[in-house]
Amino acid sequence: MSADLQVKLLRALESNTVQRVGGNDPIPVDVRVIAATNRDPHPAVADGSLREDLLYRLLVFRSTCAAAQPRRRSRPARGLLSRSAQPPRGTHKELTRAARERLRHHSWPGNVRELKT
């Protein structure tokens, strides 16, 4: 996000108002922001590409989600693949034991969304 846009977002979050392009009157807004990233934002603050005050305004509640790789016991892909193995007529097909073993021993370098493609 550009530095100018970061300033505008920070101003809107702090004042609860926005201003139309070419307008003079502030417009009151009541918003909540949900921001997501796949990288640690602190290095971006250190290199100047992210404003520190904006980061701390956004870090009210922080939640992290582990990648598929370290989740050895609860493979998120198992349910996805089991559902995709079901034919549309309602009969249920299970993954073979060999397929389940391959899933269990796979290194899972990406995430579950990549499996859908």
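The rules we used
Residues numbered from 1 in each chain as written. Predicted model: local features only at pLDDT ≥ 70, side-chain atom pairs only at ≥ 80, totals over all residues. Heavy atoms only, no water. Helix = DSSP H or I, 4+ residues; strand = E, 2+ residues; numbered from the N terminus. Buried < 20%, exposed > 50% of the residue type's maximum accessible area, 1.4 Å probe, protein only. Contact = heavy atoms within 4.5 Å. pLDDT = per-residue confidence, 0-100. Salt bridge = Lys/Arg side-chain N within 4 Å of Asp/Glu carboxyl O.

### Re the environment of isoleucine 27
Position of isoleucine 27 among the secondary structure elements: in strand S2 (residues 26–28). When its relative accessible area of 26% is taken as the criterion, isoleucine 27 is described as partly exposed. In this structure, the C-alpha to C-alpha distance between isoleucine 27 and threonine 17, residues 10 residues apart in sequence, is 5.2 Å. Those residues in contact with isoleucine 27, other than ones at most four positions away along the chain, are Asn16, Thr17, Val18 and Arg20.

### Regarding the confidence of the model for the chain
Confidence in the prediction for the chain averages 78 pLDDT; 68% of positions are at 70 or higher. Looking across the chain, the model is least confident in helix H4 (residues 76–84), with a mean pLDDT of 58, and most confident in S2, with 95.

### Looking at the pattern of salt bridges
Counted according to the given criterion, the structure contains three salt bridges. Across the pair glutamate 14 and arginine 57 runs a salt bridge, and its minimum N-O distance is 3.8 Å. One end of the pair, glutamate 14, is in helix H1 (residues 3–15); the other, arginine 57, is in helix H3 (residues 52–58), and 43 residues separate them in sequence. When its relative accessible area of 37% is taken as the criterion, arginine 57 is described as partly exposed. Notably, a salt bridge pairs arginine 32 with aspartate 30, separated by 2.8 Å at the nearest N-O pair. Look at arginine 32 and you get exposed, because its relative accessible area is 70%. On the basis of relative accessible area, aspartate 30 is assigned to the exposed category, the value being 66%.

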